[in-house]
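The residues making up each chain are set out below.
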Amino acid sequence: MGERIVNALTIDVEDYFQVSALAPHFPRAEWEQVPCRVERNVNLILQLLDDHDARATFFVLGWVAERYPELVRLIVAQGHEIASHGYEHERASAQPRDRFLADIALAKAVLEDIGGESVAGYRAPSFSIGKANPWAHDCIAEAGYAYSSSVYPVRHDHYGMPDAPRFPYRLESGLLEVPVTTMRWMGRNWPAGGGGYFRLLPYAVSRWQIAKVNRDDARAAMFYFHPWEIDPEQPRVSRASMKTRFRHYVNLERTEGRLRCLLRDFAWGRADRVFADL
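All of these numbers come straight from a predicted model, not from anything done at the bench.

Caption draft 1: View of the pattern of salt bridges. In the structure shown here, the tally under the stated rule is 19 salt bridges. The salt bridge involving D231 is made with R37; its shortest N-O contact spans 2.5 Å. Taken as a pair, D231 in the loop between β10 (222–225) and α8 (242–249) and R37 in the loop between β1 (6–13) and α1 (38–51) lie far apart in primary sequence, 194 residues in all. For D231, a relative accessible area of 0% corresponds to the buried category. For R37, a relative accessible area of 22% translates into the label partly exposed. Salt-bridge contacts for D216 lead to R215; the nearest nitrogen and oxygen are separated by 2.9 Å. Overlapping salt bridges bring together E32, E66 and R67 as one network.

Caption draft 2: The arrangement of helix α4 (residues 97–115) in detail. Here α4 spans 27 Å end to end across 19 residues, near enough to the 27 Å set by a 1.5 Å rise per residue. Along α4, the residues that are buried comprise F100, D103, I104, A107, K108, V110, L111, I114 and G115. For α4, the arc enclosing every buried residue in end-on projection is 165°, short of the 170-degree limit, so these residues lie on one face. Exposed and facing more than 90 degrees away from the buried side of α4 are D98 and D113. Looking at the buried positions of α4, the neighbouring elements they touch are β2 (57–60), α2 (62–67), α3 (69–77), β3 (81–84), β4 (121–122) and α5 (135–142).

Caption draft 3: Spotlight on a nonpolar patch on the surface. Together, W185, M186 and W208 make up an exposed nonpolar region whose accessible area comes to about 380 Å². Considering the arrangement of structural elements, one finds M186 in the loop between β8 (182–185) and β9 (188–191). Using a relative accessible area of 68% as the deciding quantity, one classes M186 as exposed.

Caption draft 4: The arrangement of the nonpolar core in detail. With 65 residues, the main nonpolar core has L9, F58, I82, L262 and W268 as its most contacted residues. Other than its neighbours up to four places away in sequence, I82 contacts F58, V60, V72, I75, V76, L111 and V119. In terms of nonpolar packing, the next biggest core, distinct from the first, is built from 10 residues, F59, A83, V178 and A220 among them.

Caption draft 5: Inspection of the packing of aromatic side chains at higher detail. Scanning the model with the defined rule gives 17 aromatic pairs in all. Ring centres of W185 and W208 lie 6.0 Å apart, and the angle between their planes is 85°; on these two criteria the pair is classed as edge-to-face. In this pair, W185 is assigned in strand β8 and W208 in helix α7 (residues 203–217), connecting sequence segments 23 residues apart. With 6.2 Å between their ring centres and 70° between their planes, F266 and W268 make a pair best called edge-to-face. A residue is classified by how much of its surface remains accessible, and F266, at 8% relative accessible area, is buried. Judged by its relative accessible area of 7%, W268 falls in the buried class.

Caption draft 6: Representation of α8 within the structure. Among the residues of α8, those classed as buried are T244, H248 and Y249. Take α8 and look down its axis: the buried residues cluster within an arc of 100°, on one side only. Two residues or fewer past α8, N251 is found with a positive phi of approximately 65°.

Caption draft 7: Molecular detail of the packing of α4 against α5. At their nearest, the axes of α4 and α5 sit 9 Å apart, and the two run at 35° to each other. The chirality of how α4 crosses α5 is right-handed. Mapping the contact onto sequence places R97, F100, L101 and I104 in α4 and W135, A136, D138, C139, I140 and E142 in α5.

Caption draft 8: Main features of the pairing of β1. Within β1, 7 of the 8 residues are buried, which leaves it mostly tucked inside the rest of the structure. Where β1 and strand β11 (residues 267–269) come together, 3 bridges link them in parallel fashion. Paired with V6 across the bridge in β11 is A267. Bridge count between β1 and β10: 4 bridges; the pairing is parallel. Across the sheet, the residue bridging to L9 is F223, located in β10. Of the pairings in the sheet, the one linking β1 to β2 comprises 4 bridges and is parallel in character. Of the residues in β2, the one forming a bridge with I11 is F58.

What counts as what
Residues numbered from 1 in each chain as written. Predicted model: local features only at pLDDT ≥ 70, side-chain atom pairs only at ≥ 80, totals over all residues. Heavy atoms only, no water. Salt bridge = Lys/Arg side-chain N within 4 Å of Asp/Glu carboxyl O. Helix = DSSP H or I, 4+ residues; strand = E, 2+ residues; numbered from the N terminus. Buried < 20%, exposed > 50% of the residue type's maximum accessible area, 1.4 Å probe, protein only. Expected span 1.5 Å × (residues − 1). Arc of directions from axis to C-beta. Contact = heavy atoms within 4.5 Å. Patch = residues over 30% accessible without salt bridge, like charges linked within 9 Å, V, L, I, M, F, W, Y side chains within 5 Å. Areas by Shrake-Rupley, 256 points an atom, 1.4 Å probe, with all protein chains shown as cover. Core = buried A, V, L, I, M, F, W, Y, C linked by side-chain atoms within 4.5 Å. Phe/Tyr/Trp six-rings, centres within 6.5 Å; stacked < 30°, edge-to-face > 60°. Axes fitted to C-alpha atoms, helices over the stretch in contact; angles between N-to-C directions. Left-handed = near helix turned anticlockwise from the far one by under 90°. Pairing = 2+ DSSP bridges.

Below, the structure is given as structure tokens:
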């Protein structure tokens, strides 16, 4: 039997009120007044990773890092990678080029100043890089990042570029794009890299998909989730649409247990090391 493939485990560090779907209910100007739960949730994730001797990449919002600098330093001290999720959690597709570049450059500077290490990776909020804004990849390279994980090769009502390569590829700028993992089945790409699908579908589906990619494609998976997804006690927004409430709240109470299974069933590492040879 061959050596087990090490997959990349990534966490998009944002709080529940910064999720794009809930943006209408939490205006940016009011963020300072909203109770934060991100510190509690990231500390729990760090404990889970330690329990399973796993390493991960944390794509941290600059806004969060400035308010919880000790959390960033703790992530680094425990051997995990700090990467950037931008500063304001605004979709790349909703910004002009100059503002997007300023946002991701600021986030990189903030994270490097706090964490004391170079930041190589970036992930756009809501995987908001696609055919409509290919210039965003050029900005990421210009800002000094080595890799991006901002493309999801699926069809979705809020994001996705289904005809993008399924596995890491280099752009003309030299930037490495590492898409979130999909599984090829019945002639199309199916989400296999976590997020809401990990909560909404039975754990056996994710286990089968990742195992299939590791076995049939002989590739490492790029998996992601959010700290708020392990927090069933977070405040509920009753005025949000039924679809938003379904996507955001279903199975929150089951996610921690599923993560324990995921950490047990597969080998996990930092994205910068899993894809270092590409």
